[in-house]
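# Understanding the architecture of this molecule
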Amino acid sequence: MSRFSNLGHRLYQGEVSFDFVGRRKLWYSISGVIVLVAAIGLAMGLHLGIEFKGGSVYTVQKSGLTVAQAQTAVNDVTHGTTALVQSTDNGKVRIQISSEIEQTPDTIRTGLAKELNVPVAEIDSQVIGPSWGEQISQKALLGLVIFMVLVTVYMAIAFEWRMAVAALVALIHDLLITIGVYALVGFEVTPGTVIGFLTILGYSLYDTVVVFDTVKENTKGLTKQSKLTYSEAANAGLNQTLVRSINTTVVALLPVAALLFIGGGLLGAGTLNDISLALFIGLAAGAYSSICVATPLLAQLKEEQPEMKALAKRVAQRRASEAKAAAEAAGEGTPEGEEFADEDLPAGMVGQRGQAAGRSRAKGRPTGKR
């Protein structure tokens, strides 16, 4: 753990740097493949719960009753109609049957009582119409649209429109991946799932805003110097917040993983899977997108600005000049090349020397041997 903490300090000081922004094509390719797989899953269709397509729910409480026994009973009563049987966290068994079945809810309830050898009064039944699920879907979609609009406006005001665009793309990226995974694994989409989808947007946006705030600080007055391009300054800011992003994500994933793998998997509380899978995939995708999608995309958009293009040209010219001077100095055996003064760096970049500067000084450095 101390090594990881030391790595975070070295990343913040610029002693170690991972070139995330420079490898943007690699991250775009990886994201493209993942989104494509998710789109295939969506094309196969989501497994909607009865809250969205209508049906009936029967809750049975009987000591020693297993999911397998309940599944056999409901198959006998409905003559093989597909039904979802789950155990709940209070020891009951929950049976969901779609509205497509011809039998009435009372007939099914009576048949289940006979097959399971329990009184009819001990089987709770609830009939859900598809209109309720349609209303929930519409409200969730409306909430999503409002959230996206407010996020875009806030990011554009607090930062700039390019950061707003990059953050919005990252959010859509996370949603597509999460929904696609849901479709691929075949988990049922319930109101809890919708809550999970909306929750992950906040986590994803938080990571992105933390990175963008550091990038904004690092790029103040950037055009007044000629040592770093925007992409390099943005990458430095990303490295400064890298350990913080990883720590935040891991801490958030631990309880969600416990719900998904222990609660839903080992203990069989299937109702926990609805929200826990959405949160688990969404949190992981949000951490990835803030590092490998949002910031590289922001740098790409900023590099298209005329002033940033001019800056990149000045940086290239200066480095070419320094490389030439270093080569000449190496032939004459002069001391090390010129150090970059901290006061020449943009605000928030004091202590950041830059990888390119290190390469320039290293080239032609005398060994001290005579």
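What counts as what
- Residues numbered from 1 in each chain as written.
- Predicted model: local features only at pLDDT ≥ 70, side-chain atom pairs only at ≥ 80, totals over all residues.
- Heavy atoms only, no water.
- Helix = DSSP H or I, 4+ residues; strand = E, 2+ residues; numbered from the N terminus.
- Buried < 20%, exposed > 50% of the residue type's maximum accessible area, 1.4 Å probe, protein only.
- Contact = heavy atoms within 4.5 Å.
- Areas by Shrake-Rupley, 256 points an atom, 1.4 Å probe, with all protein chains shown as cover.
- Salt bridge = Lys/Arg side-chain N within 4 Å of Asp/Glu carboxyl O.
- Core = buried A, V, L, I, M, F, W, Y, C linked by side-chain atoms within 4.5 Å.
- Expected span 1.5 Å × (residues − 1).
- Axes fitted to C-alpha atoms, helices over the stretch in contact; angles between N-to-C directions.
- Parallel < 35°, antiparallel > 145°, perpendicular 65-115°, else oblique.
- Left-handed = near helix turned anticlockwise from the far one by under 90°.
- Nonpolar A, V, L, I, M, F, W, Y, C, P; charged D, E, K, R; others polar.
- Pairing = 2+ DSSP bridges.

### Comments concerning the overall build of the chain
Across its full length, the chain holds 13 helices and six strands. In the chain, which comprises 370 residues, the proportion classed as buried is 42%. Across the chain, every contact between residues at least 6 apart in sequence was considered, and the portion connecting residues at least 24 apart equals 77%. Entry remark: accessible area of the chain is about 19,100 Å², with carbon and sulfur atoms responsible for 61%.

### Some words on the pattern of salt bridges
Under the definition given, this model contains six salt bridges. Between Lys220 and Glu217 there is a salt bridge; the shortest N-O distance is 3.4 Å. Arg318 serves as the salt-bridge partner of Glu322, at 3.0 Å between the closest nitrogen and oxygen. Taken together, the positions of Glu322 and Arg318, both in helix H12 (residues 306-332) and four residues apart, correspond to about one turn of that helix. Classification of Arg318 as partly exposed rests on a relative accessible area of 23%. The network of salt bridges with common partners includes Glu160, Arg162 and Lys302.

### Focus on the pairing of strand E4 (residues 93-98)
Burial analysis of E4 places six of its six residues in the buried class, which makes it a mostly covered element. Alternating positions in E4 separate into two faces, Val93, Ile95 and Ile97 on one and Arg94, Gln96 and Ser98 on the other, with burial throughout.

### Examining the nonpolar core
In this structure, Phe20, Met155, Met163, Phe212, Val215, Tyr230 and Leu298 are the most contacted members of the largest nonpolar core, which totals 52 residues. Contributions of two or more residues to this core are made by helix H6 (130-158), helix H7 (161-185), helix H8 (191-218), helix H9 (230-240), helix H10 (242-266), helix H11 (273-302) and H12. Here the element with the most residues in this core is H11; it accounts for 12 residues. When near neighbours in sequence (up to four residues on either side) are disregarded, Phe212 contacts Met155, Phe159, Met163, Ala166, Ala167, Ala294, Thr295 and Leu298. Val60, Val77, Ile97 and Ala113 belong to the second largest nonpolar core, which has 19 residues in total.

### Here's the deal with helix H5 (residues 105-116)
Since there are 3.6 residues in each turn of an α-helix, residues three or four apart along the chain are aligned in direction. Over its 12 residues, H5 extends 16 Å from the first C-alpha to the last, a length consistent with the 16 Å expected when each residue adds 1.5 Å. Inspection of H5 places Ile108, Gly111, Leu112, Ala113 and Leu116 among the buried residues, and these make up the whole buried set. Residues of H5 that are buried make contact with strand E2 (55-60), helix H4 (67-78), E4 and strand E5 (123-128). In the stretch just after H5, Asn117 is the one whose phi turns positive, near 60 degrees.

### Observations regarding the packing of H9 against H11
As a packed pair, H9 and H11 sit with axes 9 Å apart at the nearest point and diverge in direction by 155 degrees. Between H9 and H11, the angle is such that the two are roughly antiparallel. As H9 runs across H11, the sense of the crossing is right-handed. Judged by residue contacts, Tyr230, Ser231, Ala234 and Leu238 of H9 engage Ser290, Ile291, Thr295, Leu298, Ala299 and Lys302 from H11. Its residues placed into classes, the contact of H9 with H11 shows six nonpolar, three polar and one charged.

### Concerning the environment of Leu253
If you trace the backbone, Leu253 turns up in helix H10. C-alpha separation for the pair Leu253 and Leu279, spaced 26 residues apart in sequence, amounts to 8.2 Å. In this structure, Leu253 is in contact with Phe280, Leu283 and Ala284, ignoring residues within four places of it in sequence.

### Looking at the sheet that holds E2
Read across the sheet, four strands follow the order E3-E4-E2-E5 without closing on themselves; strand pairing throughout is antiparallel. The outermost strands of the open sheet, each flanked by one partner alone, are strand E3 (83-87) and E5. In this sheet, adjacent strand axes meet at a mean angle of 15 degrees when their direction is disregarded. Contacts from H4 reach E3 and E4, with the element oriented near 155 degrees to E3.

### Digging into the environment of Ile281
Position of Ile281 relative to the elements: it lies in helix H11. As for Ile281 and Ile179, which are separated by 102 residues in sequence, their C-alpha atoms are 9.2 Å apart. In contact with Ile281, not counting residues within four places along its chain, are Ile177, Thr178 and Val181.

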